[in-house]
Amino acid sequence: MTDQLIIFDTTLRDGEQSPGASMTRDEKLRIAKQLERLKVDVIEAGFPASSNGDFEAVKAIANAIKDSTVCGLSRANDRDISRAAEALKGAARGRIHTFIATSPLHMEKKLRMSPDEVFEQAKLAVRFARNQIGDVEFSPEDGYRSDMDFLCRVLEAVIAEGATTINVPDTVGYAIPELYGTFIKTLRERIPNSDKAIWSVHCHNDLGMAVANSLAGVKIGGARQVECTINGLGERAGNCSLEEIVMAVKTRKDYFGLTMNIDTQHILAASRMVSQTTGFVVQPNKAVVGANAFAHASGIHQDGVLKARDTYEIMRAEDVGWSHNKIVLGKLSGRNAFKQRLQDLGVSMESETDVNTAFARFKELADRKSEIFDEDILALVSDEDGSHVGEQFAFVSLSQHSETGERPHARVVFLAHGTEVTGESDGNGPVDASLKAIESHVKSGAEMVLYSVNAISGSTESQGEVTVRLQNAGRVVNGVGADPDIVVASAKAYLSALNKLQSQAERIAAQG
Ligand SMILES: CC(=O)SCCNC(=O)CCNC(=O)[C@H](O)C(C)(C)COP(=O)(O)OP(=O)(O)OC[C@H]1O[C@@H](n2cnc3c(N)ncnc32)[C@H](O)[C@@H]1OP(=O)(O)O
Ligand SMILES: CC(C)C(=O)C(=O)O
């Protein structure tokens, strides 16, 4: 038996069967090209008999793709098979994939055919397909819920008719890894001509075991083709995910002992392309391609990864297309990760005491803000110790008027160097008007580089907390203000940032 595992991608066929994931011809072509870059062995491009649009998509892909086999699905009848053959005419390597259900339930209730009729139709379909093309795959749909004796009879017959790949689908995701693996093994052992075909697995994820079942089909059953989709896209709960199966086989080569053609560095780009095309968002904790797949937020893990990446990473982020792994600073981070980030940002601290002070302030901020960005850290260290900040500006009161169709107007009363002053302005919204009202008097010229609002508790009665980040003459400061009225919170945050800018300017002036 070969040690080469064939990766058969069906994103453009079974993936497209996912409600809402329908793709245009051009979108499918774009994805097919990415799959070719990924060095997928077989691209199942569609179901040519299903519509003229899908026929054209499969045809365009067949004409454009040179390095991967292009496959078209068809029912076990002459019309579908002829349509597939027609669409695949221009392919450098084409495959017809024909299928018919073999489980008692599907045969009786759906096809309304006797087992003998299905047996005959399967044979005729493969014979007809082999007359059109040299590469024919046959699938007994709902194969895993089929009677073993009947399935052996059908599969032996279709291999004799010239099927080159036999795919055993777990169409409804009912299988359990060990049982599915043994099922494939039994088929291969019992069918006398089983060595004339490549055995393939096609698993659905209804119980979340599509990848595990596929791996068992490979390891226990001896299958050498896996059918899978990018991001696990597919009918209902989806198919076996390409990125997971590929990285499992690659990472655990010690166990599987198999090689693949896949260029894994193109995995992330493929995942993003499929997600953007279909609008199916990838969950952050998705294996391999989720935003958090190589991110570390807790101090002990960050410390470990910084000392030796493999303490907490079993794959290299770069191997699947990420530029690097990620240390996400937040309230669970430790001093080592914080110090490393300071160093990466080119911030040098004079003493351990300075680092400790900055770290304490970072923890304080992290308790209020779920993720701390590099800009937060730069603002934090350039703010220095907040206790030095003098209150040059202080909020007194605010009134604003906004009505649909009218430009909002705000009037803000505040203390500037001990004197009560009033600023007034229009703006795009009440917040914009209020901040412009303050600026109309202060004229700091600072640029606002961040404005963010958080509800301190989860209800509309809670206080809104606003963070405003200002940048001026190379200095960056954060101002925070809280109030049940977010316009007032914004004005307070802006004044607090102005205080910090002012106090920095004074310190710099005093230093010389
Ligand atoms: C498990 C899988 O993923 S299988 C692939 C599923 N994918 C799709 O169905 C997407 C594309 N499908 C389509 O566009 C349409 O269903 C078509 C063009 C294939 C057929 O459309 P229609 O002719 O209108 O038939 P409809 O979809 O209503 O019913 C399916 C018919 O095919 C029959 N059929 C189902 N599977 C097969 C098969 N493998 N071989 C032969 N006939 C089959 C059904 O028994 C039913 O026949 P009936 O009309 O005599 O009752
Ligand atoms: C057509 C076959 C392979 C299929 O998609 C399934 O059974 O899930």
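Residues numbered from 1 in each chain as written. Chains lettered and ligands numbered in written order. Predicted model: local features only at pLDDT ≥ 70, side-chain atom pairs only at ≥ 80, totals over all residues. Heavy atoms only, no water.

**Student:** What am I meant to see in the overall build of the chain here?
**Tutor:** Looking only at helices and strands, the chain features 17 helices and 16 strands. The C-alpha atoms of the chain give a radius of gyration of 31 Å, which is well past the 24 Å a tight globule of 512 residues would have. When its C-alpha atoms are laid out on the principal axes, the chain stretches across 95 × 55 × 40 Å. The 512 residues of the chain split such that 52% are buried. Contacts in the chain between residues at least 24 apart in sequence constitute 65% of all its contacts with a sequence separation of at least 6. As presented, the chain carries roughly 22900 Å² of accessible surface, and 49% of it is formed by carbon and sulfur atoms. (Helix = DSSP H or I, 4+ residues; strand = E, 2+ residues; numbered from the N terminus. Rg over C-alpha atoms; globule rule 2.2 N^0.38 Å. Buried < 20%, exposed > 50% of the residue type's maximum accessible area, 1.4 Å probe, protein only. Contact = heavy atoms within 4.5 Å. Areas by Shrake-Rupley, 256 points an atom, 1.4 Å probe, with all protein chains shown as cover.)

**Student:** I would appreciate a short explanation of the packing of helix 7 (residues 177-190) against helix 8 (residues 210-219) in the present structure.
**Tutor:** What describes two packed helices is the angle between their axes and the distance between those same axes. Across the interface, helix 7 lies against helix 8 with an axial gap of 7 Å and an inter-helix angle of 35 degrees. When you trace helix 7 past helix 8, the crossing you get is right-handed. From helix 7, P177, E178, Y180, G181 and I184 reach across to helix 8, where they touch A212, N213, A216 and G217. Here the residues of the contact of helix 7 with helix 8 are counted per class, giving five nonpolar, three polar and one charged. (Axes fitted to C-alpha atoms, helices over the stretch in contact; angles between N-to-C directions. Left-handed = near helix turned anticlockwise from the far one by under 90°. Nonpolar A, V, L, I, M, F, W, Y, C, P; charged D, E, K, R; others polar.)

**Student:** When you look at the pairing of strand 8 (residues 225-228) in this model, what are you seeing that I'm missing?
**Tutor:** Along any regular strand the residues' side chains alternate between the sheet's two faces. In strand 8, alternate side chains face the same way, and those of Q225 and E227 on one face and V226 and C228 on the other are all buried. Relative to strand 8, strand 7 (residues 198-203) is paired through three bridges, and the arrangement is parallel. The partner of V201 across the bridge, within strand 8, is V226. The handedness of the strand 7 to strand 8 crossover, carried by helix 8, is right-handed. (Pairing = 2+ DSSP bridges. Right-handed = clockwise from strand over helix to strand, strands pointing away.)

**Student:** Any chance you could explain the site of ligand 2 here in plain terms?
**Tutor:** All residues adjacent to ligand 2 are R13, D14, H97, F99, S139, E141, N167, P169, T171, H202 and H204. Interatomic distance of 3.2 Å between a side-chain N/O atom of D14 and an oxygen atom of ligand 2. Between T171 and ligand 2, the recorded distance is 2.6 Å, taken from a side-chain N or O atom to an oxygen atom. Compared with its free state, where it exposes 260 Å², ligand 2 has 95% of that area covered by protein. Broken down by secondary-structure element, the contributors of at least two residues to the shell around ligand 2 are strand 4 (94-101), strand 5 (136-141) and strand 6 (165-170). In terms of residue class, the shell around ligand 2 is built from two nonpolar, six polar and three charged. (Near = heavy atom within 4 Å. Polar contact = N/O pair within 3.5 Å; in protein donor to acceptor, adjacent residues only side chain to side chain.)

**Student:** Please clarify how the pattern of salt bridges should be interpreted in this entry.
**Tutor:** If you walk through the whole model with that rule in mind, you get 31 salt bridges. A salt bridge links R25 to D26, with the shortest nitrogen-to-oxygen separation between them at 3.2 Å. R25 gets classed as partly exposed once you look at its relative accessible area, which sits at 40%. D26 sits in the partly exposed class, given a relative accessible area of 48%. The salt bridge partner of D206 is R236, with a shortest N-O separation of 2.7 Å. In this pair, D206 sits in the loop between strand 7 and helix 8 while R236 sits in the loop between strand 8 and helix 9 (242-251), placing the two residues 30 residues apart along the sequence. Taking the relative accessible area as the measure of exposure, D206 reaches 31% and is therefore partly exposed. One salt-bridge network, in which partners are shared between bridges, spans R13, D14 and E44. (Salt bridge = Lys/Arg side-chain N within 4 Å of Asp/Glu carboxyl O.)

**Student:** Explanation requested: the side chain of E227 in the structure shown.
**Tutor:** Looking at the secondary structure, you find E227 in strand 8. At 5.0 Å, R13 is the nearest oppositely charged side chain to E227, a buried residue that forms no salt bridge. Within polar-contact distance, the side chain of E227 engages the side chain of N167 at 3.3 Å. One polar contact links E227 to S200, side chain to side chain, over a distance of 3.5 Å. (Lys, Arg positive; Asp, Glu negative; His and termini not counted.)

**Student:** What am I meant to see in the packing of helix 6 (residues 148-160) against helix 7 here?
**Tutor:** Where helix 6 contacts helix 7, the two axes come as close as 10 Å, and the packing angle between them is 55 degrees. It follows from the interaxial angle that helix 6 and helix 7 lie oblique. The element helix 6 and its partner helix 7 pack so that their crossing is right-handed. Note on element contacts: helix 7 touches helix 6 through F183, T186, L187 and R190, opposite M148, D149, L151, C152 and L155. Its residues placed into classes, the contact of helix 6 with helix 7 shows six nonpolar, one polar and two charged. (Parallel < 35°, antiparallel > 145°, perpendicular 65-115°, else oblique.)

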